[in-house]
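# Structure at a glance
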Amino acid sequence: MTRPAPRVVEALNAALHRLFEERSSLHLLGEDVRDPYGGAFKVTRGLSARHPDRVLSTPISEAGITGVAGGLALAGDQAIVEMMFGDFAALAFDQILNLISKSVTMYGDRLPMPVVVRCPVGGNRGYGPTHSQSLQKHFLGVPNLALYETSPFHDPYAQLAEGLDRGPAMLFEDKVLYTRRMFRDGVVDEHRRYALWGGSTGWAHISPADGTAADVVLICPGGTAHRALDAARLLRARGIAAHVLVPARLYPPDLEPVLPLLADTRLVAVAEESTEGGTWGAEIAARVHTKIWAQLRSPVLLLNSADSVVPTAPHLEARVLLGAELIADVIEASVARSMPPRTPAALPPAAPLAAAGPETVGPEIAKAEAGEPAAAAAQSAEPAAGVPVAVPKLNNNDTAYLVLRWFADDGAHIDEGDPLVELETSKAVEEIAAPAAGHLRVCAAEGSEVGVGELLAELLAEPSAAPEPAAPAPGTPAPTASVERAAVPGPAAAPPLAQEPGPDVRTHVLDRAQQGTAAVVTRAHREVPVAFAAVEVAVDAVLARLRILSDESGAEVGLPEAVVKAVAAAHPAFSHLFGTLVDERTVRLADTVDIGVTVDAGNGLYIPVLRDCAVRSLAALSDDLMDFRLKAFRAEFTAGELSGGSLSVSLNTEPGVLFVQPIVMAPQLCMVSVGGPLTRLVLEDGVPASTTVVTLGLAYDHRVVNGRDAVAFLRTVADALHDAEKLVELVDPQ
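Residues numbered from 1 in each chain as written. Predicted model: local features only at pLDDT ≥ 70, side-chain atom pairs only at ≥ 80, totals over all residues. Heavy atoms only, no water.

### Notes on the overall build of the chain
Along its length, the chain carries 17 helices and 34 strands. Out of the 734 residues in the chain, the part that is buried amounts to 53%. Considering only residue pairs separated by 6 or more positions, the chain has 72% of its internal contacts joining residues 24 or more positions apart. Here the chain displays about 32000 Å² of accessible surface, and carbon together with sulfur accounts for 54% of that area. (Helix = DSSP H or I, 4+ residues; strand = E, 2+ residues; numbered from the N terminus. Buried < 20%, exposed > 50% of the residue type's maximum accessible area, 1.4 Å probe, protein only. Contact = heavy atoms within 4.5 Å. Areas by Shrake-Rupley, 256 points an atom, 1.4 Å probe, with all protein chains shown as cover.)

Structure (structure tokens):
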């Protein structure tokens, strides 16, 4: 049985243990680094128990800690310093700049200074302005100081060992990476592979498994690696092949191993989380321009976070920090300027770049540059004749979609890239952008269903003299007056009010996410004959076992993961509950157990899909759920992540939630709900005792599932969460 790859925090911890076993003069200094705390992010867990004299918890003084480390190095010892948060490295800047780095050469002879300063950095954790920064750029170019950054591709032992041997050095550790698993054996996923170029502290080269040559090479430090991988996936769907390069050492960079790849691509881009100005990306761009300027087809593109402090509120933080969608959009726009389109209608032409140096783009600039989506920089002419807008294939489950909302009135002029129409699929609401500029002629009314490939609209060079209104959906009453659409963003048009509110009436406008939820729920209630059943299950045993598993694995495994796993375990006995109704007598059974889970981060309800739940461990499902919560905060889900589930689970595990009656999301047949933990008094051998219970519910399509099956299914799930023998099978890692 193959064990899952370790998380980055586990790899760092193992590297420190190995170094302490190998180097008897090595010390570790930092705040709260001794057990049982083991550091703010548990990187030093277990070290003080094995090496009590060499792991020192210090007072809160970053300058003092770093100065002591420098003194240890001057005395012939070695030291690793842990900054609780990398932001506080600013307080140690004097010791790093004027003591540790200078001591290497300022005494006449070269002295070894084996000091590594570890710095947890980066945002996307909601820690606010003083605990979320990426300060790497402020330490670039300090003589004798090497900079490294953890990544899911590089062994941190090699980074720490090299940093100590060539010292001094700093190791930047993106906090979001701590819970991510390392990649190993050259495999990223079924579509991508990676190889290390230039040794263990060189470059990770991530490329398509089918060997597709690079249109774009995206260079990024380890903290942005997953965002770069997501951007590469988005770009591939848009017809652009992106390779990704991730370095183990940021400075001084060794570009020689990767120069042939950079010289052979159409566009080189560097993405990092820091704000622009004096960045690592600018350093890379300057060196690339110096070495292979004659081979470059366009200047190196620089992508950074916005010029702002990092807010605490997740929705504001997401607007500041560089994300995958923005990376993909800006690169797509830049590729449109630097290479011919793959198909006649793929990407519009644009004016050539005028800059001789690297081009820098942050989120606010990118909105104008990429146009959301990336086409606003191009000046496209109106079509000479009508440009048809056909219904695209949005997922593999549906052959038709519901037209929810047109963003412009029939006959209105719209620009290329502007939002055009919203379509509701079985899993999500998708926004379709205008493929060209022109005057809109609507061919499918709001509320109508359209099949894949059917005509949605035409974009005309001139407005039609008398555009015919689109035929109303069946059952839609004829309008009695022309009503201007309200400019309210949302995936579905809100139901019309009986009358317009007066000027003194207080109103609450539904946001876009809630309108989308309303549209999906309305359709579900309209189309699916739903029944409901519920059971109560004691969960004391599973909660206790999950706490042990969390400590053993480093994953935050809780009741949601256990319920999903228990539901997946019931698939062999109840395969028809995981199917899709093809017609009134036929159910298509699912090949794999892919389960949707509800995620509500306060800015809308999402139902992303956990894949292959039957064969994956609870810890692996926990990793995916953590990713889903972060993406929900940033509203970064793709259509692929929200589609393809064979059954869904509604997670409502806040304390005190008695039970929840879910809906059935067509074309699925069932949705399981789990409520919050409740305390019950029971008699055990005649003695009152308390136990923790939750309510499991099942909403099911009565055309396929009967009450007997529903109750049997719920009891099977409940047994997996309660029965001692089945609990071992459920919880133990696979």
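### Details of the sheet that holds strand S19 (residues 419–424)
Spatially, S20-S19-S17-S22 is the arrangement adopted by the 4 strands of the open sheet, whose pairing is antiparallel. The sheet is open, and its two borders are formed by strand S20 (429–433) and strand S22 (449–451), each paired with just one other strand. For this sheet the average axis-to-axis angle between neighbouring strands, irrespective of direction, equals 40 degrees. The pairing of strand S17 (residues 400–406) with S22 spans 3 bridges and is antiparallel. Looking at the pairing, Ala 400 lines up with Gly 451 of S22. (Pairing = 2+ DSSP bridges. Axes fitted to C-alpha atoms, helices over the stretch in contact; angles between N-to-C directions.)

### Observations concerning the sheet that holds strand S3 (residues 78–82)
Either a parallel or an antiparallel arrangement is found when strands of a sheet pair, and the pairing is made through backbone hydrogen bonds. Reading across the sheet, the 7 strands line up as S2-S1-S3-S4-S6-S5-S12 and stay open at both edges, with mixed pairing between neighbours. Of all strands in the sheet, those bounded by a partner on one side alone are strand S2 (55–57) and strand S12 (249–251). Ignoring which end each strand starts from, the neighbouring axes of this sheet average 20 degrees apart. Sheet topology note: the strand S4 (residues 115–121)/strand S6 (residues 169–174) ladder contains 6 bridges and is parallel.

### Points about helix H1 (residues 8–22)
End to end, H1 covers 21 Å across 15 residues, agreeing with the expected 21 Å (1.5 Å per residue, within 8%). For H1, the secondary structure elements touched by its buried residues are strand S1 (26–30), helix H2 (47–50), S2, S3, helix H5 (156–166) and S6. (Expected span 1.5 Å × (residues − 1).)

### Some details on the pattern of salt bridges
One side chain can pair with another of opposite charge once the charged atoms of both are near each other. The final tally for this structure, using the stated rule, is 23 salt bridges. For Arg 181, the salt bridge is made with Asp 623, and the minimal N-O distance between the two is 3.0 Å. On the criterion of sequence distance, the pair formed by Arg 181 in the loop between S6 and strand S7 (187–189) and Asp 623 in helix H15 (residues 618–634) is long-range, its members being 442 residues apart. We classify Asp 623 as buried; its relative accessible area is 15%. The closest approach of N and O atoms between Asp 329 and Arg 238, which form a salt bridge, is 2.8 Å. One end of the pair, Asp 329, is in helix H10 (residues 324–338); the other, Arg 238, is in the loop between helix H6 (225–237) and strand S11 (242–247), with 91 residues separating them in the sequence. (Salt bridge = Lys/Arg side-chain N within 4 Å of Asp/Glu carboxyl O.)

### Considering the side chain of Glu 62
In this structure, Glu 62 sits in helix H3 (residues 62–74). No salt bridge is formed by the buried Glu 62. Its closest oppositely charged neighbour is Arg 118, at 13 Å. When neighbours within four sequence positions are excluded, Glu 62 is seen to be in contact with Glu 31, Met 83, Phe 88, Leu 91 and Ala 92. (Lys, Arg positive; Asp, Glu negative; His and termini not counted.)

### Digging into the nonpolar core
Residues Val 542, Val 567, Val 649, Leu 696, Leu 698, Phe 713 and Leu 721 are the most contacted members of the largest nonpolar core, which totals 59 residues. Residues within four places of Leu 698 in sequence aside, it is in contact with Ala 531, Phe 532, Ala 533, Leu 577, Cys 670, Met 671, Val 672, Ala 710, Phe 713 and Leu 714. Core analysis: the second largest hydrophobic core is formed by 47 residues, Leu 72, Ala 73, Ala 89 and Leu 145 among them. (Core = buried A, V, L, I, M, F, W, Y, C linked by side-chain atoms within 4.5 Å.)

### Points about the confidence of the model for the chain
Scored by pLDDT, the chain has a mean of 84; 84% of the residues are at 70 or more. Note on residues 341–356: pLDDT is under 50 here. Beyond four places in sequence and across chains, it has 25 contacts. The low-confidence segment residues 466–498 (pLDDT under 50) makes 48 contacts with residues lying over four places distant or belonging to another chain. (pLDDT = per-residue confidence, 0-100.)

### Notes on the pairing of S1
Burial runs high along S1: 5 of the 5 residues are buried. Here S1 shows no split at all, with Leu 26, Leu 28 and Gly 30 on one side and His 27 and Leu 29 on the other all buried. Relative to S2, S1 runs parallel, the two being bridged by 3 bridges. Within S2, the position partnered with Leu 29 by the bridge is Leu 56.

### So, the packing of H1 against H5
Between H1 and H5, the shortest axis-to-axis distance is 8 Å and the interhelical angle comes to 45 degrees. Considering the angle they form, H1 stands oblique to H5. Seen from above, H1 lies across H5 with right-handed handedness. Residues Ala 11, Leu 12, Ala 15, Leu 16, Arg 18, Leu 19 and Glu 22 of H1 form the contact with H5, whose participating residues are Pro 156, Tyr 157, Leu 160, Ala 161 and Leu 164. Considered class by class, the residues forming the contact of H1 with H5 number 10 nonpolar, no polar and 2 charged. (Parallel < 35°, antiparallel > 145°, perpendicular 65-115°, else oblique. Left-handed = near helix turned anticlockwise from the far one by under 90°. Nonpolar A, V, L, I, M, F, W, Y, C, P; charged D, E, K, R; others polar.)

### What to know about a negative patch on the surface
There is a patch of like negative charges on the surface, built from Asp 719, Asp 723, Glu 725 and Glu 729. In this structure, Asp 723 sits in the loop between helix H16 (707–722) and helix H17 (724–731). Classification of Asp 723 by relative accessible area gives partly exposed; the value is 33%. (Patch = residues over 30% accessible without salt bridge, like charges linked within 9 Å, V, L, I, M, F, W, Y side chains within 5 Å. Charge placed at Lys NZ, Arg CZ, Asp CG, Glu CD.)

### Overview of the side chain of His 17
Position of His 17 among the secondary structure elements: in helix H1. On the basis of relative accessibility, which here comes to 12%, the residue His 17 falls in the buried class. Excluding residues within four positions of it along the chain, His 17 makes contact with Arg 45, Gly 46, Leu 47 and Arg 50.

### Points about the environment of Phe 628
Among the secondary structure elements, Phe 628 is positioned in helix H15. Distance from Phe 628 to Asp 600, taken between C-alpha atoms, is 9.8 Å for residues 28 residues apart in sequence. Leaving out residues up to four positions away in the same chain, Phe 628 has contacts with Val 597, Val 599, Pro 608, Val 609, Leu 610 and Phe 637.

### What to know about unusual backbone geometry
Looking along the chain, the bond that leaves Asp 35 and enters Pro 36 is cis, with omega of 10 degrees. Within the secondary structure, Pro 36 sits in the loop between S1 and H2. The omega torsion of the bond from Gly 167 to Pro 168 falls at 5 degrees, within 30 degrees of zero and hence cis. Here Pro 168 shows up in the loop between H5 and S6. Here Asn 124, not a glycine, exhibits a phi torsion of approximately 65 degrees, which is positive.

### Quick word on the packing of aromatic side chains
For the structure on display, the rule yields 10 aromatic pairs. Consider the rings of Phe 85 and Phe 88, whose centres lie 6.2 Å apart with planes at 70 degrees: the pair is edge-to-face. On the basis of relative accessible area, Phe 85 is assigned to the buried category, the value being 11%. Aromatic pair Phe 153 and Phe 183: ring centres 4.9 Å apart, planes at 25 degrees, arrangement stacked. Taken as a pair, Phe 153 in the loop between strand S5 (146–149) and H5 and Phe 183 in the loop between S6 and S7 lie far apart in primary sequence, 30 residues in all. In this structure, Lys 42 packs its charged tip against the face of Tyr 37, placed 4.3 Å from the ring centre. (Phe/Tyr/Trp six-rings, centres within 6.5 Å; stacked < 30°, edge-to-face > 60°. Lys NZ or Arg CZ within 6 Å of the ring centre and 35° of its normal.)

### Some details on helix H8 (residues 280–292)
With 13 residues, H8 should reach 18 Å at 1.5 Å per residue; the first-to-last C-alpha distance of 18 Å fits that figure. If you check which residues of H8 are buried, you get Trp 280, Gly 281, Ile 284, Ala 285, Val 288, His 289 and Ile 292. Down the axis of H8, the smallest arc covering the buried residues is 165 degrees, so these residues share one side. On its buried face, H8 sits against strand S10 (216–219), S11, S12, helix H7 (259–263), strand S13 (267–275) and strand S14 (301–305). (Arc of directions from axis to C-beta.)

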